[in-house]
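Geometric and topological summary
Letter by letter, the chains look like this.
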Amino acid sequence: EQKTYRPPSFTISLPRIAQEMGKTTIDPQDVKERLQLLGFTVTHTTEETLTLNIPAGRKWDIESSEDFIEEYVRVVGINTVTESLPMLAPNYYPIDHEQQLREEIIDPMYSAL
């Protein structure tokens, strides 16, 4: 009995690809066409996602949506990725327990003097 290959599929987020590339939007048709050129089969599309089947020869190479993003960036060129720092919430910085106590208890005591 011969087994038939059933390709694994992934659903990838187009806004996530855009975000990872430092862009606000990305052309869904461009992503679809370029991934098809690499052998991926698009089985379903929505405004924000593509569902793709992985070709047999790539099933060990593609394990997550990050791998699809990497493949897309490789084809369009790394120079198309916008250089940017990660976004942090305003006034966000990790603080330790001592710093938290100082801000909540000690600092208000000194300002009350």
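Given the structure is predicted, the values throughout are model-derived calculations rather than measurements.

1. Some words on the overall build of the protein
Each helix and strand counted, the protein has four helices and three strands in total. Per-residue burial for the protein yields a buried fraction of 23% across its 113 residues. Considering only contacts within the protein whose residues lie at least 6 apart along the sequence, 60% involve residues at least 24 apart. Total accessible area computed for the protein in this model is approximately 8,700 Å², and 52% of it derives from carbon and sulfur atoms.

2. Some thoughts on helix 2 (residues 28–37)
Since the α-helix advances by 3.6 residues per turn, residues separated by three or four positions end up pointing in the same direction. Taken as a whole, helix 2 has its buried residues at Asp30, Val31 and Leu35. Down the axis of helix 2, the buried set is contained in an arc of 120°. They therefore lie on one face. Among the structural elements, strand 1 (9–13), helix 1 (14–20), strand 3 (49–53) and helix 3 (65–76) are those in contact with the buried residues of helix 2. Two or three places before Gln29, at the opening of helix 2, Asp27 has a side-chain oxygen 3.2 Å from that residue's backbone nitrogen. Phi turns positive, to about 100°, at Gly39, one or two residues after helix 2.

3. A look at the side chain of Glu71
Note on placement: Glu71 falls in helix 3. By relative accessible area, Glu71 is classed as buried at 7%. For Glu71, the contacting residues outside a window of four places in its chain are Leu35, Leu38, Arg58, Asp61 and Ile62.

4. Details of a nonpolar patch on the surface
Nonpolar side chains collect at one region of the surface, where Leu101, Ile105, Ile106, Met109 and Tyr110 lie side by side and expose about 510 Å² of accessible area between them. Turning to its location among the elements, Ile106 is positioned in helix 4 (residues 97–112). A relative accessible area of 40% means that Ile106 is categorised as partly exposed.

5. Section: the sheet that holds strand 1
Across the sheet, three strands lie side by side as 1-3-2; this open sheet has antiparallel pairing. Where the open sheet ends on each side, the last strands, each with one partner, are strand 1 and strand 2 (41–45). Between one strand axis and the next, the sheet turns by 30° as a mean value, whatever way the strands run.

6. Observations concerning the nonpolar core
Ile17, Ile26, Val31, Leu52 and Phe68 are the most contacted members of the largest nonpolar core, which has 19 residues in total. Among the elements that line this core, the one with the most residues is helix 3, at five residues. Excluding anything up to four places from it in sequence, Ile17 contacts Ile12, Ile26, Val31, Ile69 and Tyr72.

7. Some details on the pairing of strand 2
Working note: regular strand, side chains alternate between the two faces of the sheet. In the sheet, strand 2 pairs with strand 3 via four bridges, with the strands oriented antiparallel. Bridge pairing in strand 3 places Val42 opposite Leu52. Here strand 2 hands over to strand 3 after three residues, the two strands then running antiparallel side by side.

What counts, and at which threshold
- Residues numbered from 1 in each chain as written.
- Predicted model: local features only at pLDDT ≥ 70, side-chain atom pairs only at ≥ 80, totals over all residues.
- Heavy atoms only, no water.
- Helix = DSSP H or I, 4+ residues; strand = E, 2+ residues; numbered from the N terminus.
- Buried < 20%, exposed > 50% of the residue type's maximum accessible area, 1.4 Å probe, protein only.
- Contact = heavy atoms within 4.5 Å.
- Areas by Shrake-Rupley, 256 points an atom, 1.4 Å probe, with all protein chains shown as cover.
- Arc of directions from axis to C-beta.
- Polar contact = N/O pair within 3.5 Å; in protein donor to acceptor, adjacent residues only side chain to side chain.
- Patch = residues over 30% accessible without salt bridge, like charges linked within 9 Å, V, L, I, M, F, W, Y side chains within 5 Å.
- Salt bridge = Lys/Arg side-chain N within 4 Å of Asp/Glu carboxyl O.
- Pairing = 2+ DSSP bridges.
- Axes fitted to C-alpha atoms, helices over the stretch in contact; angles between N-to-C directions.
- Core = buried A, V, L, I, M, F, W, Y, C linked by side-chain atoms within 4.5 Å.

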